[in-house]
Structures are given as C-alpha cells and as structure tokens.
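# Remarks on the overall topology
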Amino acid sequence: MLDLVIEARQAALSPGFDVRRILPFRLRRMLGPFIFMDHAGPVTVAPAQLQSLDVLPHPHIGLSTVSYLFGGQVTHRDSLGVEQIIRPGEVNWMTAGSGIAHSERFEDPATLSGGALEMIQTWVALPEKDEEAAPAFANYQSEELPIFTDTGVWMRLIAGDAFGLRNDVKTHSPLFYLHVVLQAGARFGLPRGYPERGAYVAKGSVEVNGHAYSAGQLLVFTAGLDPVLVAREPSTLMLLGGEPLGERFIWWNFVSSRRERIDQAKADWQAGRIALPPNDNAEFVPLPPDKSRPAGSSPAPQALS
C-alpha cells in the first residue's frame, strides 16, 4: 500500500519561523513532477519582526514555483515586473523556464491578521521541451479554484485534474495538487490514473490500512492501488503527484535535466545575467558556496525558496 513514508526535516530559519523540508528526499527525489516541497510556519512573530522573514531576490531555472497559503499574506516581486500579494486560498504559479529572479516580502502587519502566517511551497519540474521556455507568472484567485464538499470532507483543487475537477491553472505535464480538510472519522481516497501519488499530512493524523500517520509525514503510495485515508482527528492534507518526468538535477534554486545547465545558471547569476526585479533590485541573495555537493544533492531547508 505504501512505498515510503518521508519524515519532514525541520529547521529554524529565524526565531519564530520554522520550515519543514519534505522533498527532495534521499530515497525519493521526486513525486510525479514535484521535486521540492516545503511547509513554512505557522509563524507567530511580532509585526516589528516581519522584515527579518523577507526572502531577498534570488534566481530559478527549469521549474515552476507554486505558493499556497493557509494564513497570512506574502508580497511577490519578480524580474518580469510583477508585484502580487498572495492570500490564503490563492495560488501563485511562477514558471522560471530559462531564468527568473523573485523576492518574497512580509511588508504589511496584515500578514499576521486572522492567524499565523503559514504556507506550502512546491516546485514542479518542467518537461525537457519546456525547460528553456520564457518565464511567466500567474496569480489565481480562490474563486477560480473549484471546491468539493461532502460529509466531513472539504477539498480544493489547486492544480491539475482530479476527481473530475479541473481549473485553468496552467501546468506543463499531467499532475494533481489538492488541499483537503477532513473531520474526524471522514474517509478519503486518492485520484486515479496517475502512476505516482502521495499525501502530506499538514495537520492532524490519518490512518491507512490500520497504521496511523501524523503531521509532518508524506505518504508515498504504491501505483495501481486505491488506498483509503481515514481521519483520526480533524486533519489537513495536501495530495500531490502525477506523471514522472525522468531524472532531474537540483542545486540551490536551479533544476535541470542537464548538469551543465546548472553550472551555466550559477555563472549567469554570479555575472548578473539574470535580471533582478525592477521594483526590488537594491539587494539580492549571492550565489552560495558550492561546498563540493553534487548537483543532485538535497538543498537545506530555507525560506520560500
């Protein structure tokens, strides 16, 4: 039923700001096209400390970043000139393609209104034919993302195709990505038709085939089976997966099917050939030291990469 259970690795990025790194994992580098998954927060800091959480402009290639909030708000700025505040229930989908830089800023005390700042960020690797596509950005409002409800079940389709639901979020390969909230005792399955499927327990706990799993665990399921997840208490899940794309290299914020492309991206960032956001270009994250880690290594947990 289960191929693997991945335990999130936790790191404190600053006082009051914890991030749990789920993917990549040494035994499981990708799940469908998803190559990275972080769970940031909940963050409970004083408004005066918000600036310390800012993520300065930094680059990406070969992937799409997908930001989804449970609480708070974040301001995104990128080298296309986009400035976009993301709020709970919305999706920020940024396709880096041949190269983009962006920042994530916490500028408004309203970031902490209505509860703690908390978000899930994933990276979706691009098919080889799209790795050098022109960069793009889109924000999708909550009303654009279909919701399904049933007894004890609430579900939002973030992207892809699942349970007969679809939306206009632009993806580059077959995948599904869902936010699911279950009341105690509720039962839920996984979308069919995808060879790689997983469920991340963001809050609460679930039971699968008589075994219990708790918050911070990603359950990777065997292809072809139809598991049933039973909520042992009120629980929040992120379901994700899709068609695999083949081997990818990852170093810092760069993803590619070609190791030499990673090296080129390093040189491009160091030489200033990847433009900074025009409305946030006074500072940036410098290229980190290599430390002789191979391009396939798992990056350390960091804020909103």
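Remember, it's a predicted structure, so these values are computed and weren't measured experimentally. (Residues numbered from 1 in each chain as written. Predicted model: local features only at pLDDT ≥ 70, side-chain atom pairs only at ≥ 80, totals over all residues. Heavy atoms only, no water.)

One pass over the structure, following the stated rule, counts 9 aromatic pairs. Ring centres of Phe36 and Trp123 lie 4.1 Å apart, and the angle between their planes is 15°; this geometry places the pair in the stacked category. With Phe36 in strand E4 (residues 34–43) and Trp123 in strand E11 (residues 117–125), this pair connects stretches of sequence that are 87 residues apart. Relative accessible area serves as the criterion here: at 0%, Phe36 is assigned to the buried category. Among the aromatic residues, those joined into a cluster by ring pairs are Trp251, Trp252 and Phe254. (Phe/Tyr/Trp six-rings, centres within 6.5 Å; stacked < 30°, edge-to-face > 60°. Helix = DSSP H or I, 4+ residues; strand = E, 2+ residues; numbered from the N terminus. Buried < 20%, exposed > 50% of the residue type's maximum accessible area, 1.4 Å probe, protein only.)

Here we come to the side chain of Glu118. Inspection of the secondary structure puts Glu118 in strand E11. Not counting residues within four places of it along the chain, the set of residues in contact with Glu118 comprises His39, Ala40, Gly41, Pro42, Leu69, Phe70, Gly71 and Lys203. (Contact = heavy atoms within 4.5 Å.)

Now for the nonpolar core. With 28 residues, the main nonpolar core has Trp93, Tyr177, Leu218 and Met238 as its most contacted residues. The greatest single-element share of this core, amounting to 3 residues, is contributed by strand E6 (residues 63–71). Setting aside residues no more than four positions away along its own chain, Met238 makes contact with Met37, Tyr68, Phe70, Ile120, Ile158, Tyr177, Leu178, His179, Gly198, Ala199 and Tyr200. Leu157, Tyr194, Val201 and Leu239 belong to the second largest nonpolar core, which has 24 residues in total. (Core = buried A, V, L, I, M, F, W, Y, C linked by side-chain atoms within 4.5 Å.)

Spatially, 4 strands are ordered E17-E22-E19-E20 in an open sheet, and the strand pairing comes out antiparallel. Of all strands in the sheet, those bounded by a partner on one side alone are strand E17 (187–188) and strand E20 (211–214). (Pairing = 2+ DSSP bridges.)

Under the criterion given, the structure shown has 17 salt bridges. Linking Arg248 and Glu131 is a salt bridge whose minimum nitrogen-to-oxygen distance equals 3.5 Å. With Arg248 in the loop between strand E23 (235–242) and strand E24 (249–251) and Glu131 in the loop between E11 and strand E12 (136–140), this pair connects stretches of sequence that are 117 residues apart. Neither residue differs from the other here; Arg248 and Glu131 are each classed as buried. Put simply, Arg273 and Asp268 hold a salt bridge, and the shortest N to O gap is 2.8 Å. A relative accessible area of 53% means that Arg273 is categorised as exposed. Judged by relative accessible area, which is 13%, Asp268 ranks as buried. Residues joined by salt bridges that share partners form a network here, namely Asp54, Arg105, Asp280 and Glu283. (Salt bridge = Lys/Arg side-chain N within 4 Å of Asp/Glu carboxyl O.)

This part takes up the environment of Leu182. For Leu182, the location among the structural elements is in strand E16 (residues 175–182). We classify Leu182 as buried; its relative accessible area is 0%. Taking C-alpha positions, Leu182 is 9.9 Å from Ser205, a pair spaced 23 residues apart along the chain.

In this structure, Pro24 follows Leu23 across a cis peptide bond, with omega equal to 0°. Tracing the backbone through its elements, the reader meets Pro24 in the loop between strand E3 (17–23) and E4. Going from Gly41 to Pro42, the amide bond is cis rather than trans, its omega being 5°. If you check the backbone angles, Phe163 has positive phi at about 55° while not being a glycine. Inspection of the secondary structure assignment puts Phe163 in the loop between strand E14 (153–162) and strand E15 (165–166). With a relative accessible area of 41%, Phe163 lands in the partly exposed category. Positive phi, normally seen in glycine, also occurs at Asn209, with a value near 55°. Within the fold, Asn209 resides in the loop between strand E19 (205–208) and E20.

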